[in-house]
Structures are given as C-alpha cells and as structure tokens.
Amino acid sequence: MAPRRFFVEGISHHVRHRGNNRGTIFQDDEDRIVFLAALGRSCARCGVRLHAYGLMDNHFHLQVTPFDDQSLPRMMQRLGRTYVRYYNRRHQRTGTLWEGRYWASIILDARYWLTCMRYIERNPVAAKMVETPEEYTWSSHRHHALGQRNELLSSHPLYDALGATPAQRRVGWASLCSEPVSAVDLALIRDAIRRSAPLHRP
C-alpha cells in the first residue's frame, strides 16, 4: 500500500516526481521551458507558493508551500495533465509519463527547510552533471545565489533570514551551497520523501 500523504496549509513540502520506469521526462530545453511555464501557471491557479525547484532528466524536485490542504494536490494534478498532453503530442507517444503518483514530504523542522532546498539545488552536482550548482540552468539556484530574476519563485522567511539585504542573502546562500549535504541529512531527506513522511530532526 502506498504511504498516506499529508498536506498542511502554510507549511512547506518537498515534492518529487519521476518518469515511468525512470524514463526521460525532459528530452531537451524546449521541454523544460514548457514544463516551467506550466508549473508557474499551475501554482498561481491552485494557490501554491514555489520556493525552489530542480529539473533532472528523468525526475524533478519542488519545494512549495500550499495555501490550503487541497492546493498542492490540485496543482500537481493540473501540472501533470498539462505537461503530459504537451509531451505526448510533441514526441508522438501515448500513455503515461509518470511512475505512479508523486511523492511529497512535509517539512516540519525549520533547520531542514534550508537543508532540503540545498539538496534540491545541489542535485545536479551530486549527479555529476555539473561541478557547481551555479553552472546548472534548470534549477532555482541562480535566483537564490546570483540574483538572476525568476518570477516563478516566492521567497520564504527562512531564506530571507540569511541576510539583511538581497546581496547578503545571495552570498549566504552561495556559501551554504558550496558544501555538499551531509550523509546523515541526505539519508533523512531521501527516506522522508520515499515514505512521504514528515521531514524533521530525529
């Protein structure tokens, strides 16, 4: 039986969804551009604040805060349907794109809010796609660390607390992301998302 998911208004969640049989869901940059546009519209329509994202070849990660307990399910349903219609039409395929339902873990510990965002934005580095998170185009890192404008994203008090000014926050975040997530924290984040369990300090 799949684990029961909990959605709580005003509390952030880590979301992961991947392709069927771990297959590719983004074949090129056009796919990624269309996906991000659909993500932005879905978040705006369904009442979800997007704080961070990372698009990999066969899966994606989001860090979001829903306005109410139905916002996130509605957003993911809308996003999934919109993107699959586009993807199947463009790549001349039929059938499902996703591997079952998405996974979502509520972030209950403030310490792990920033750790989870660092995990998402360092994922391309961990996968050896790039050497630094700044090199990767398809994540929220350039917004948070370099100030690259990204209208999809909403700030969060825990990120804002990194500095008194935007420049200080960018420097603080870049410094945090220069170091890999510890093995202990990696295991906690991965276990929580796999079980759709709350992410918090043990």
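Residues numbered from 1 in each chain as written. Predicted model: local features only at pLDDT ≥ 70, side-chain atom pairs only at ≥ 80, totals over all residues. Heavy atoms only, no water.

Overview of the overall build of the chain
Piece 1. Across its full length, the chain carries 7 helices and 4 strands.
Piece 2. When its helices and strands are written in sequence order, the chain yields β-α-β-β-α-β-α-α-α-α-α.
Piece 3. Principal-axis analysis of the C-alpha atoms places the extent of the chain at approximately 50 × 35 × 35 Å.
Piece 4. The proportion of buried residues among the 202 residues of the chain is 49%.
Piece 5. Taking all contacts inside the chain whose residues are at least 6 apart in sequence as the whole, residues at least 24 apart take part in 74%.
Piece 6. Here the chain displays about 10100 Å² of accessible surface, and carbon together with sulfur accounts for 50% of that area.
Piece 7. Counting 29 positive and 19 negative side-chain charges, the chain places the centres of these two groups 6 Å from one another. (Helix = DSSP H or I, 4+ residues; strand = E, 2+ residues; numbered from the N terminus. Buried < 20%, exposed > 50% of the residue type's maximum accessible area, 1.4 Å probe, protein only. Contact = heavy atoms within 4.5 Å. Areas by Shrake-Rupley, 256 points an atom, 1.4 Å probe, with all protein chains shown as cover. Lys, Arg positive; Asp, Glu negative; His and termini not counted. Charge placed at Lys NZ, Arg CZ, Asp CG, Glu CD.)

Quick look at the packing of helix α1 (residues 29-46) against helix α2 (residues 71-90)
Piece 1. Running from N to C, α1 and α2 cross one another at 150°; their axes reach a closest spacing of 9 Å. It follows that α1 is roughly antiparallel to α2 by the angle criterion. You can see that α1 and α2 cross each other, and the crossing is right-handed. Two secondary-structure elements touch here, α1 through E30, D31, V34, F35, A38, L39, R41, S42, C43, R45 and C46 and α2 through S71, R74, M75, R78, L79, T82, Y83, Y86, Y87 and R90. (Axes fitted to C-alpha atoms, helices over the stretch in contact; angles between N-to-C directions. Parallel < 35°, antiparallel > 145°, perpendicular 65-115°, else oblique. Left-handed = near helix turned anticlockwise from the far one by under 90°.)

Overview of the environment of A52
Piece 1. Note on placement: A52 falls in strand β2 (residues 48-55).
Piece 2. For the pair A52 and V171, spaced 119 residues apart in the sequence, the C-alpha separation amounts to 17 Å.
Piece 3. With residues up to four places along the chain from it excluded, the contact list for A52 reads H61, L62, Q63, M117, E121, S140, H144 and L153.

Structural notes on the packing of helix α3 (residues 110-126) against helix α7 (residues 183-195)
Piece 1. In contact at an axis separation of 11 Å, α3 and α7 are set at 90° when each is read in the N-to-C sense. The pairing of α3 with α7 is recorded here as roughly perpendicular in orientation. Here R111, Y112, T115, C116 and Y119 of α3 lie close against α7, whose contacting residues are D185, L186, L188, I189 and R190.
Piece 2. Looking at the contact of α3 with α7 residue by residue, the class counts come to 6 nonpolar, 1 polar and 3 charged. (Nonpolar A, V, L, I, M, F, W, Y, C, P; charged D, E, K, R; others polar.)

Points about the nonpolar core
Piece 1. F35, L39, F60, L62, M75 and M76 are the most contacted members of the largest nonpolar core, which totals 34 residues.
Piece 2. Elements with a contribution of two residues or more to this core: α1, β2, β3 (59-66) and α2.
Piece 3. It is α2 that contributes the most residues to this core, 8 residues altogether.
Piece 4. Apart from residues no more than four positions distant in its own chain, F35 is found in contact with F26, L55, F60, L79 and Y83.
Piece 5. Grouped together as the second largest cluster of nonpolar side chains are 18 residues, W113, Y119, Y159 and I189 included. (Core = buried A, V, L, I, M, F, W, Y, C linked by side-chain atoms within 4.5 Å.)

A look at the sheet that holds β2
Piece 1. The 4 strands are arranged β2-β3-β1-β4 in an open sheet whose pairing can be described as antiparallel. The sheet is open, and its two edges are formed by β2 and β4 (103-106), each paired on a single side. Each strand axis lies, on average, 20° off the axis of its neighbour in the sheet, ignoring direction.
Piece 2. Looking at chain direction, strand β1 (residues 13-18) and β4 are connected through 4 bridges and run antiparallel. Paired with H13 across the two strands is I106, which belongs to β4.
Piece 3. Of the strands in this sheet, β1 and β4 are in contact with α7, which crosses β4 at around 120°. (Pairing = 2+ DSSP bridges.)

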